[in-house]
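# Observations on the three-dimensional arrangement
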Amino acid sequence: MVGLGLLAVPTGAGAAPVLPPVTPEELVASVLTADPDAFAGTVEVDNSLGLPPLPDVPQAGDGTSTARVWSDGEDGGRVQLPTADGEKTFVSDGTTFWAYDSQGRTVTEGTGADRPARPDAADPAAAATEAIRMLQSSSTVTVDGTAEVAGRPAYELVLSPAPDERTLLREVRIAVDAEQRVPLRMTVLATGSSDPALQVGFTELAFGPQDPALFTFTPPPGSTVVEPDAERPEGLPERPGTAPTVVGDGWDTVVLATVPATGEGEGTGMDLRALGTPVSGPWGSGTLIGTAVANAIVTDDGRVAVGAVPEQVLTEALAR
Amino acid sequence: MTSSPTLAAATTPPPAAAGPLAARAVGLRKTFGSTVAVDGVDLDVPAGSVLGMLGPNGSGKTTLIRMLLGLTRADAGTAELLGHPVPDGAARALPHVGALVEGPGFHPFLSGRENLLRVAATEPLLGAREIAGAVDAALDRVGLADAAGRRFRGYSLGMKQRLGLAGALLLPRRLVVLDEPTNGLDPAGTRDVRRIIAELHDGGATVIVSSHLLAEVEATCTHVAVLQSGSLVAAGGLAALLESGTGGLDVVTPDVDLALETLRAAGIAAYSAPGDEPGVVVGEDGPPTAETVALLVRAGVAVQEARRRRARLEELFARLTEETS
Amino acid sequence: MTTAPVLDPVSDAPRAAPLGRLLAAELRWVLRRPRTLVMLGLFALIPVLISIGVATAGATGRGPGLVSAVAGNGLVLPIVALTLSMALLLPLAVAMAAADAIAGESAHGTLRGLLLSPVSRLRLVVMKAFGVLVVATLATVVVAAVGVLAGLVVVGGADGQLVTLSGTALGPGAALLRVGLVVVFVVGQLAAVGAVALAVSSVTDHPLVVLASVLGALIVFGVLSAIPALEWLQPWLLTSGWTAGVDALRDPLPLGGMIESSLRALCYVAVGMGLTTYRMLRRDA
């Protein structure tokens, strides 16, 4: 029973390590210029965003999922998203990328510009660095003590929205590795809740040279190789024809995009109306889908506005 | 019934606690819930004796045996087996003990021989090379040699019982405990059990037999213990028990008057025998048989026959169990 | 009347039949039991049936589910078959063995015979645990071995290789090592089931009670692990790591899940065997 109890204790819950003091500016600068060594790690995503689980991306739904991440310290990287009965693998050697889906045994292979959206959300280092870059100018940045993540001492960097930012978020906490200055954990906290809406962090992390074979990919026997822009075999909607536009900056950024009218062909297999509430205004009418940290409006004419902002900011963006 | 060895034994009943004891119970008590199965039993089993354990169903015979063998922990009291405390010292005693308790326990899908081989493999005193021989010898001894290859499932009740007996007799034992050994046996089987008990007895082993068949106990046992509702109501040498309280010596003689005169002159209570046969009956507190007969013969009485007037075990049993119930 | 010596200091030394002989006897008994053999035969059928199902469904594996990973990728079959059997059939088989081991022997009256031989109660526990472990190992090995054969013969390998879920190809040697790893992992989990089942077996005379308890526990654990509010219970539930065997199909091999499950299984083994021993030292036979 004691043994079971030990298993149940979350790892990395040790006392806060003692580290030399650092100013927020130094810390942010060191993160943005960090050049971490090669590493292998396991990432846990704790998701309480309140999104429904999507058929193709179970990780989007509430719950805990893991990802395994490797980096060769240069451009090569590898991310594996295991599910109960399958796995998605993303490999890049810096010039060529591969995406493998065990369910259809399909390999998507491409180079440079074709690079599909990598599951950066699964890599706390990449996601957090991006967040710092985006939010830095519109935030109050502080260092709030230290923490231990995946057995490594880290500084807790806190980004809180500047007072004039209209956002649903209270703060974003980023644990930065004291030695490598790479983000180890990112926690997104919404206003009005003490539990993180989203937490992405390493549970295991080891820096050191990695097997070069990890950063290349040979399509296995029996697999199908598809071009990145060729029709996806699983009937996923094609990418929107027009590139998304960004309204605003910092915390109240709103992304505007258009989607092909739903109900045509296979579609996503989901009626968006069932997920949200109908809204209307001078900009038209549509469906509001709200979560703890973000809102989205899908208009009836196929426009989408998404942001970590109240509904009003979305409608203002749509009304432009 | 009145074979001479038993008579001889009767004249010198072994004192209960004097000799070495093969088994001993002191104040043994066992309850199951609110039922008292065995209630403060003190019992000595002299080494070399054949003890018949008698009692109606549910009188605690099997529970007492199970406590003596260490299968059940007593609530109170102590038990000893071959001089070792039970259950703590059972590992020292049990290798020398063969037992058939609560019916034969075997696996239906194995043959008789395979079942015995499995038991024999666990016998500490059997060397690896002796196992097969010991199993065959035991099967032969209980008359199962021909059916040894058949599955236990197909055995008749009697054959199962014989196999159980064979398990207890896999090697020479110092103590053999047989709980209802003749259950399900035909008359031939019962005779075999008697023969085996006699052989064990002749070999110097102690035997404890529980049975509800009184005639069987009377025929094979030297000692008797009678249980009633968990209590021991009588225990001791069989002959002594049978003579105690039932007494009397029947002397067949035509010289009834002379005999009565002689006996009364010697201060021995006697009266003329009722019934057709002429003779006298000597009172139960009279001297031993040989002494009485010698006295009569010296006085010139023509003694045609003298026999101890004995109660059948059945009467004794009925009397003992009625008295207490 | 000759009287045998009652106390003999020489021959009254505590004696026991050699442990090896006891284990051999137990092994023989387990293997002669018809239901053990029937059960092993059924376990051999599982991978065969999966392979036939996969082969007739078409050579290309498209769609979700572990079974589809087998299509055209025969060496995956043993691991998938083991993972599927782990859900119910393997634990039940082990529970059956544990039920027969103590409760069944008691019901047949043979437990008494063993104790009277005498086999010390501690050795009896060792003997019985060994027997259950043998059944668990045999059943697992049968599923794995027949799985490899059926995978290669009926399904056909991917050029004799195993294509992992991560899209890499392993040679036959590495693939068999993975299968061996899963066999060890599964036997460890089954040992935990067996230990707990033995503990139940040691308190009852009815083998069916053991089967029912294990089946009930599997159902309760399944329900508990499906309730999100009880997520904190997960680390205590034996079943929550039972799919970790699938990790052997990922590359590089993640051992974390299997190690954690194995440690959990070890705790169950310790508790189960502790209870079994405690109970067997006191049990009436």
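Just so you know, these numbers come straight off a predicted model, no measurement behind them.

## With respect to the interface of chain C and chain B
It is common to give the size of an interface as the accessible area lost on bringing the parts into contact. Tallying the contact residues gives 41 residues for chain C and 50 residues for chain B. When chain C packs against chain B, the two sides together hide about 3600 Å² of surface, and 55% of this comes from carbon and sulfur. Where chain C touches chain B, the interface holds four salt bridges. Between C:Arg112 and B:Glu102 there is a salt bridge, with the nearest N and O atoms lying 3.4 Å from each other. Inspection of the region where chain C meets chain B yields 13 residue pairs in polar contact (both at pLDDT 80 or more). Counting only elements with at least two residues in the side of chain C that touches chain B, the list comes to α1 (19-32), α4 (89-108), α5 (110-116) and α6 (121-155) of chain C.

## Observations regarding the interface of chain A and chain C
Tallying the contact residues gives 29 residues for chain A and 37 residues for chain C. Buried area between chain A and chain C, both sides added, is near 2300 Å², and the carbon and sulfur share of it is 56%. There are one salt bridge connecting chain A and chain C. Scanning the region where chain A abuts chain C turns up eleven residue pairs in polar contact (both at pLDDT 80 or more). By residue number, the principal contributor to the side of chain A that touches chain C is helix α1 (residues 2-8) of chain A, which donates five residues.

## Description of the sheet that holds strand β2 (residues 35-46) of chain B
Residue and element names in this part refer to chain B. The antiparallel open sheet is built from four strands, whose spatial order is β2-β1-β4-β5. On the outer flanks of this sheet lie β2 and β5 (84-86), each paired with one strand and no other. Strand-to-strand twist of the sheet, defined as the mean angle between neighbouring strand axes without regard to direction, takes the value 25 degrees. Where strand β1 (residues 21-32) meets strand β4 (residues 76-81), five bridges bridge the pair, whose relative direction is antiparallel. What sits directly across from alanine 25, in β4, is alanine 79. Contacts between helix α2 (residues 61-68) and the sheet are confined to β1, β2, β4 and β5, with β1 contributing the most and set at about 120 degrees to the helix.

## A word on the UniProt feature "transmembrane region" (unreviewed entry) in chain C
Taken from the UniProt record, the annotation "transmembrane region" (unreviewed entry) applies to residues 37-59, 79-103, 124-155, 175-201, 208-230 and 262-281 of chain C. Split by type, residues 175-201 of chain C is 100% helix and 0% strand. Its first and last C-alpha atoms lie 38 Å apart.

## Brief notes about the pairing of strand β10 (residues 231-237) of chain B
On a regular strand, one side chain projects to one face of the sheet and the next to the other, so that they alternate. Residue and element names in this part refer to chain B. Note: strand β9 (residues 223-228) against β10, six bridges, orientation antiparallel. Bridge pairing in β10 links valine 226 to alanine 234. Between β9 and β10, which follow one another and run antiparallel, lie two residues, and serine 229 among them has a positive phi close to 50 degrees.

## A closer look at the pattern of salt bridges
Residue and element names in this part refer to chain B. Taken as a whole and assessed by the stated rule, the structure comprises 32 salt bridges over all chains. The closest approach of N and O atoms between arginine 66 and glutamate 102, which form a salt bridge, is 2.8 Å. In this pair, arginine 66 sits in helix α2 while glutamate 102 sits in the loop between β6 (97-100) and α4 (112-121), placing the two residues 36 residues apart along the sequence. Take glutamate 102: its relative accessible area is 40%, and that puts it in the partly exposed class. Residue arginine 195 pairs with glutamate 199 through a salt bridge whose shortest N-O separation is 3.0 Å. Pair noted here: arginine 195 and glutamate 199 are both in helix α7 (residues 187-202), with a separation of four residues, about one helical turn. The exposure class assigned to arginine 195 is partly exposed, which follows from its relative accessible area of 34%. Taken together, the shared-partner salt bridges connect Arg141, Arg162, Asp192, Arg195 and Glu199 into one network.

## Some thoughts on unusual backbone geometry
Backbone phi values are negative for most residues with the exception of glycine, while trans is the configuration of most peptide bonds. Note the cis peptide between C:Ser117 and C:Pro118, where omega equals 0 degrees. By secondary structure assignment, the location of C:Pro118 is in the loop between α5 and α6. The step from C:Asp251 to C:Pro252 runs through a cis peptide bond, and the omega angle for that step is -5 degrees. For C:Pro252, the position within the fold is in the loop between α8 (207-226) and α9 (256-282). Even without being glycine, A:Arg181 reaches a positive phi, approximately 60 degrees. Here A:Arg181 is to be found in the loop between β9 (169-177) and β10 (183-190). Since its relative accessible area comes to 21%, A:Arg181 is described here as partly exposed. Phi angles above zero are rare outside glycine, and B:Ser229 is one such case at about 50 degrees.

Parameters at a glance
Residues numbered from 1 in each chain as written. Chains lettered and ligands numbered in written order. Predicted model: local features only at pLDDT ≥ 70, side-chain atom pairs only at ≥ 80, totals over all residues. Heavy atoms only, no water. Contact = heavy atoms within 4.5 Å. Buried area = accessible area lost by both parts, 1.4 Å probe. Salt bridge = Lys/Arg side-chain N within 4 Å of Asp/Glu carboxyl O. Polar contact = N/O pair within 3.5 Å; in protein donor to acceptor, adjacent residues only side chain to side chain. Helix = DSSP H or I, 4+ residues; strand = E, 2+ residues; numbered from the N terminus. Pairing = 2+ DSSP bridges. Axes fitted to C-alpha atoms, helices over the stretch in contact; angles between N-to-C directions. UniProt positions renumbered as here; feature names shortened; annotations may be inferred. Buried < 20%, exposed > 50% of the residue type's maximum accessible area, 1.4 Å probe, protein only.

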